[in-house]
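Each chain is listed here by its residues.
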Amino acid sequence: MAIERTLVLIKPDGMQRHLAGLSIDRLENTHLELIGVKIVSVTDKLAREHYALLEGKGPFVDKTLYERLINFIKGEYHGDPKRRVLALVYQGENAVQGIRKAVGATNPEDASPDSIRGAFGRICRKHGYYENVAHASGNVEEAEREIAIWFKPEEILK
Ligand code: UDP
Ligand code: MG
């Protein structure tokens, strides 16, 4: 198995509900190596770069849903004028899949109860989006792309 790196974001719903610590506890249980951590104020540019590949795809063919996704990661639904997201990089064998498993399925109702999203996620029916607490890169290619968006090379340990 190859050594991989992967990105995790504790999203604005997770930050608002002070779930960063509990989420990291579960990430640490993977026994992967934490090599980067940073608190980030999410600009519109950063949000759009992060989600660029989802624009016009799947449910996001609906422009309103895509804009909601952008607003969500900018903290606009969670009352955070600082737009805080906690970004982490984990490294190790099969890190992408290991972290995805710890984070759980996209829809909190489908996510394993042992996962971050299964334990802490919820569906916001009023606005029609998932408050699924954390982001995790979907594959190695996505991971390297996302890490380069959120971190400068010197902010990550080798
Ligand atoms: N999302 C949502 N409703 C959907 C699909 C996606 O609210 O029906 C949001 C959710 O926050 C998800 C993000 O869009 O985490 C990115 O979607 P993706 O398919 O990449 O899921 P992920 O990789 O985060 O599991
Ligand atoms: Mg994804």
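Up top you'll find the structure we're talking about.
No experiment lies behind these values; they were computed from the predicted model shown.

Caption draft 1: Broad picture of the overall build of the chain. Of the regular secondary structure elements, the chain holds seven helices and six strands. When the helices and strands of the chain are placed in sequence order, the string is β-α-α-β-α-α-β-α-α-β-β-β-α. Relative to the 2.2 N^0.38 estimate, which gives 15 Å for 158 residues, the radius of gyration of the chain is 15 Å and therefore close to what a compact globule would have. Projected onto its principal axes, the C-alpha positions of the chain cover 40 × 35 × 30 Å.

Caption draft 2: Spatial organisation of unusual backbone geometry. In this model, R83 sits at a positive phi of 55 degrees, which is unusual for a non-glycine residue. For R83, a count of 19 C-beta atoms within 10 Å translates into the label partly exposed. In this model, V133 sits at a positive phi of 70 degrees, which is unusual for a non-glycine residue. Secondary-structure assignment places V133 in the loop between β5 (129-131) and β6 (134-136).

Caption draft 3: Molecular detail of the sheet that holds strand β2 (residues 33-41). Read across the open sheet, the four strands follow the order β2-β3-β1-β6; overall the sheet is antiparallel. Of all the strands in the sheet, the pair left with one neighbour each is β2 and β6. Pairs of neighbouring strands in the sheet enclose a mean axial angle of 20 degrees, with direction left out of account. Where strand β1 (residues 3-10) and β6 come together, three bridges link them in antiparallel fashion. Looking at β6, one finds that I10 is bridged to A134. Across the face of the sheet, helix α2 (residues 20-28) comes into contact with β1, β3 (84-93) and β6 while running at roughly 165 degrees to β1. In the packing of helix α7 (residues 140-150) onto the sheet, contacts are made with β1, β2 and β3, and the angle to β1 comes to roughly 55 degrees.

Conventions and cut-offs
Residues numbered from 1 in each chain as written. Chains lettered and ligands numbered in written order. Predicted model: local features only at pLDDT ≥ 70, side-chain atom pairs only at ≥ 80, totals over all residues. Helix = DSSP H or I, 4+ residues; strand = E, 2+ residues; numbered from the N terminus. Rg over C-alpha atoms; globule rule 2.2 N^0.38 Å. Buried ≥ 20, exposed ≤ 12 C-beta atoms within 10 Å, placed from the backbone. Pairing = 2+ DSSP bridges. Axes fitted to C-alpha atoms, helices over the stretch in contact; angles between N-to-C directions. Contact = placed C-beta atoms within 7 Å.

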